[in-house]
Amino acid sequence: MKYGVEQEQDWNALADEAFRALVRAEVEAHHPAGLRYPPRRLRWAENKSWYLRMAAKGWIAPGWPREFGGMGLAPTKLLIFLEEMERWGIARFQDHGILMVGPILMRFGTEAQRRRYLPPILACEEIWCQGYSEPNAGSDLANLRTEARLEGDAFVINGQKTWTTLAHDATHIFVLARTDKAAKKQAGISFLLLALDTPGVTVRPIRDLAGHDEFCEVFFDNVRTPASNLVGELNQGWTVAKSLLGFERIHIGSPKLPEYGLQVLLSVARARGVHEDPLFRERLAQLQLDVAHLGDIYGHFTAIVGRGEPLGPEVSLLKIWATETFQRIADLIVETAGDCGGMAGKVAMADGRIEVLAPFYKARPTSIYGGSNEIQRNILARQVLNLPG
Amino acid sequence: MSDDTLRMLRESAADFARLDAARVRRLRGTAPGFEREVWRQLADMGWLGVLIPEEHGGLGLGLHAAVIIAEQFGRALYPEPYSASAVAATLALLHGDNTELQRRLLPQLASGELVAGLAWQDERGGLELEQCAVTVGEQGGRPVLAGSSRFASVPGADGFIVAARSAQGLELHWVERTAAGLACEPEARADGSASARLHFAAVAAPAAARVASAASARAALQLALDHATLAASAELLGLMDCALAMTLDYLRTRVQFGKPIGSFQALQHRAVDMYIQKELSRATLAAAVALADDPGCTPALRTAAASSAKSRTSQAALAICKEALQMHGAIGYTDEYDLGLYFNRALVLSAWLGNASAHRSRYAALVQGT
């Protein structure tokens, strides 16, 4: 079974720097200039030309093994690939299919599920979103109420998901649903796949504080999905869902966003004429060091991944430090902007226009999503510091 | 040097350097404030010579090894002046341009016969080498030192490497403690150790005792200070790790309101923030040492790396010790409880060779370039 297009060569056989040069050349030659460093999450209609090109080239799934149609990059090569994307300011698309569904099907899926779902993910024909959070199941995710009842050869789903990122760009959703109401919390949850065009599904965008509609509510009213769309064992969905959390934390812990924040901070400070002010310089230095030290500890964790070793619960500290550093930078941007700190969109400052509040709005939810920072601190306290419950 | 050598060094250093709180308390406020016998033992282990080349009686292991030893000294709160003598003064001598003096003194430093201090700051302190207030003048046709230096390390040393300004520029001179015209006035530090104010009244400064001429003194002194700054950062890392471990133990065992206080989320989250600062310190020190030890590293990058590490470790050690005190409650504020030993050493090491604020400013000046 061939899942995707043929790879041009064995990338891992290249020297690191040769591989980096090759990725960089591809990016610089073909990535649309207007899409670099967007101040908000791009919609599929905006960035699909780039990602369809990547799919056609066989570069859409750099971390997947070659047998499943990925580039099969070894950890160090994968980091180089991601660094080059970040360096050029390339925005993610709704890539939960690549980052989550694919790896989960490789690990927990049946052969039939892989044949059905992996090829359209690789071709970007089917786009996935994540149905985890609910109105009463945020940090306490295991409290979720959306239920799925097995009726004949289908699960019938009723309930509601929320904060579903870019559901309006997606064709499919993976859903954590309660399949055993008698069992305690984590024990009665299953992992289901569902096409969003199934009758009974309603997707409604939620407008956020920045005025964007990145996330959505998804309602399920007697929605039927074939029983063959159950991933892993019945009632074992929690194990399936948890298996990728370490990866998510290292991704959120990248220094990319704080570094972007520092750039905006310097632009705003220059525009306001305070960049030489000693008080500003002292505060800037503190933040620059906070970001530099984030880079040091990010390097520590990526080296662990690079050696092929598992990430322990310690990686939660990376998410905390990255997001809170970004927020401190964003706060100083708003403060430094002075009277311009309450202006929407691209604000005229000195000789140019700066989207002053973009980092601020981007920074606020980072400490909420991916497991709130309070949850991360609970994890560290219990699992790393061995403090009593 | 191989990872295995470093691992073995770390293990033997950890094994040797255990906290002897009674000894630490006994030596507070005494002169010289450390024990020559322990210093000899350190020499026998080879640790005083890790930065000294083999031809001068050392092991020539390099910065990584020195940092590993310094971290263990921090854990055990050793009063012996490892970072000041075996790192700072030793490197200033080694990177000067007086090979005859190196041949004479380096073996004595490696063997522990000689303890050396370093005097380079003026009354105000700070990180600027130019602020030196000792000058090389002439008396009766012979060069002499005049002026004073403050915050000199190791008042009980056998001699000092002294930064002094001549017509040619900054120079380094070796001055024995017993030299005529030298007055050494100790100033007590928060942990019971001391630094010195040195007064020079026409102290002879013969060419034979000139550690570094103006051609090499600045570079030698800056390198010595950068590496000593990394060693001090490692001591801070070791002590903050111990202060945090003590606090976590206390949180697990101290019972109030019928449960261990470590079960309270307000305290758990603060403990996590202490842990994050410690882990940042560890990662940042490791990155800075790797950079400073790289033969391709420029002096400016090395100095920035030292500032990066010292700014974080100074800030983190103080923050952790203050939180540790609060979480212990009143017992933490008593002199009989060992936490206070870490607390007071953190104050001393955070301020020594530049505090967090001074290093942030210097880091900014070196990297901001705007």
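Draft legend 1. Looking closely at the overall build of chain A. A tally of helices and strands in chain A yields twelve helices and ten strands. Its C-alpha atoms give chain A a radius of gyration of 22 Å, within 12% of the compact-globule value 21 Å for 389 residues. If you line up chain A on its principal axes, its C-alpha atoms span 70 × 50 × 45 Å. Put simply, chain A has 389 residues, and 39% of those count as buried. The contacts in chain A between residues at least 6 apart in sequence include a share of 72% that link residues at least 24 apart.

Draft legend 2. Quick look at the nonpolar core. Counting 166 residues, the largest nonpolar core has Ala92, Ile161 and Leu230 of chain B as the members making the most contacts within it. Ignoring any residue separated from it by four or fewer positions in sequence, one finds Ile161 of chain B in contact with Ala89, Ala92, Leu93, Ala116, Leu118, Leu172, Trp174 and Val211 of chain B.

Draft legend 3. Molecular detail of the interface of chain B and chain A. Contacts between the two partners involve 26 residues from chain B, matched on the other side by 25 residues from chain A. The biggest single contributor to the side of chain B that touches chain A is helix 8 (residues 265-293) of chain B, with eleven residues.

Draft legend 4. How the structure looks around the domain arrangement of chain A. Residues and elements named next belong to chain A. Under the domain assignment, chain A is made up of domain 1 (11-93), domain 2 (128-235) and domain 3 (245-384). Taking the mean C-alpha position of each, domain 1 and domain 2 sit 30 Å from one another. Each partner contributes to the interface: domain 1 provides four residues, whereas domain 2 provides four residues. Grouping the amino acids of the side of domain 1 that touches domain 2 by side-chain chemistry returns one nonpolar, no polar and three charged.

Draft legend 5. Structural view of unusual backbone geometry. Cis geometry is found at the peptide bond from Ala31 of chain B to Pro32 of chain B, where omega equals 0°. Along the chain, the position of Pro32 of chain B falls in the loop between helix 2 (21-27) and helix 3 (36-44). You will see that Cys124 of chain A, though not glycine, has its phi angle at about 60°, which is positive.

Draft legend 6. Region of the structure containing the domain arrangement of chain B. Residue and element names in this part refer to chain B. By the assigned domains, chain B splits into domain 1 (3-115), domain 2 (118-212) and domain 3 (217-367). On the domain 3 side, the residues contacting the 13 residues of domain 2 number twelve residues. If one sorts the elements of the side of domain 2 that touches domain 3 by residue count, strand 5 (residues 169-176) sits on top with three residues. Residue classes in the side of domain 2 that touches domain 3 are distributed as eight nonpolar, two polar and three charged.

Definitions and cut-offs
- Residues numbered from 1 in each chain as written.
- Chains lettered and ligands numbered in written order.
- Predicted model: local features only at pLDDT ≥ 70, side-chain atom pairs only at ≥ 80, totals over all residues.
- Helix = DSSP H or I, 4+ residues; strand = E, 2+ residues; numbered from the N terminus.
- Rg over C-alpha atoms; globule rule 2.2 N^0.38 Å.
- Buried ≥ 20, exposed ≤ 12 C-beta atoms within 10 Å, placed from the backbone.
- Contact = placed C-beta atoms within 7 Å.
- Core = buried A, V, L, I, M, F, W, Y, C linked by C-beta atoms within 7 Å.
- Domains from an automatic or database assignment.
- Nonpolar A, V, L, I, M, F, W, Y, C, P; charged D, E, K, R; others polar.

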